[in-house]
Amino acid sequence: MITFQKLVAGSQLAATATTYYTAPANTKARIDNMTLTNTTANAVTATVHVISAGATETASNMIISARTIAAGETYNCPEAVGKVMLATGTIRALAGSATSISIQADGIEIT
């Protein structure tokens, strides 16, 4: 069964790598859209990883590396579109400054 899903409903990124989505057990997920919005008056960097089950963030699963997002900018993340997570795979991210970047992601879950 395919279910359209708000994978990340909206969260402010922490300054350390944090999990913002985990694919449920026995489910695959695909990212169809992801945005990063800088809600501050200063430029801030953001880093995003799409990680296989049981792994941690590394250079090999980084899809966005310290991208500078200007004050008030919303960045549509083409790097994320089409990325697939198997069961318990995750989206992990961090910002150069805590509570400065908002993340949202939509996609599908397949059971």
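Everything below is about the structure shown above.
First, a word on what this report is: a plain description of the structure on this page. (Residues numbered from 1 in each chain as written. Predicted model: local features only at pLDDT ≥ 70, side-chain atom pairs only at ≥ 80, totals over all residues. Heavy atoms only, no water.)

**Some details on the overall build of the chain**
Worth spelling out the cut-off: The numbering of helices and of strands both runs from the N terminus, where a helix is a DSSP run of H or I of at least 4 residues and a strand a run of E of at least 2. Just to be clear, the radius of gyration here is over C-alpha atoms, and the globule rule we use is 2.2 Å times residues to the power 0.38.
Helix and strand counts for the chain stand at 0 helices and 9 strands. Secondary structure elements of the chain, listed N to C terminal, follow the sequence β-β-β-β-β-β-β-β-β. Taken against the 2.2 N^0.38 rule, which gives 13 Å for 111 residues, the C-alpha radius of gyration of the chain at 13 Å falls within 12% of a compact globule. Based on the C-alpha atoms only, the size of the chain along its principal axes is roughly 45 × 25 × 20 Å.

**Focus on the sheet that holds strand β4 (residues 44-51)**
Going by this rule: For two strands to be treated as a pair, DSSP must find no fewer than two bridges joining them. Fitting a line to C-alpha atoms yields each axis, with helices limited to the stretch in contact; the angle taken between N-to-C directions then spans 0 to 180 degrees.
Pairing in this open sheet of 4 strands is antiparallel, and the strands run β2-β8-β4-β5 from one edge to the other. Where the open sheet ends on each side, the last strands, each with one partner, are β2 (18-22) and β5 (62-69). Geometrically, the sheet is characterised by an average inter-axis angle of 20 degrees between neighbouring strands, direction not taken into account.

**Details of the nonpolar core**
The tendency in soluble globular proteins is for nonpolar side chains to be buried as a group. The line we're drawing: The definition of a nonpolar core used throughout is a set of buried Ala, Val, Leu, Ile, Met, Phe, Trp, Tyr and Cys residues joined through side-chain atoms within 4.5 Å. Exposure categories follow from relative accessible area, calculated using a 1.4 Å probe and restricted to protein chains: below 20% of the type maximum is buried, above 50% is exposed, and the middle band is partly exposed. Residue contacts are counted whenever heavy atoms from the two residues lie within 4.5 Å of one another.
Core analysis: the biggest nonpolar cluster contains 27 residues, and Leu13, Met34, Leu36, Ile91 and Ile103 have the highest contact counts within it. If you list the elements that add at least two residues to this core, you get β1 (2-12), β2, β3 (28-38), β4, β5, β8 (90-95) and β9 (101-110). Apart from residues no more than four positions distant in its own chain, Ile103 is found in contact with Val8, Gly10, Ser11, Leu13, Tyr20, Met34, Thr35, Leu36, Ile91 and Ala93.

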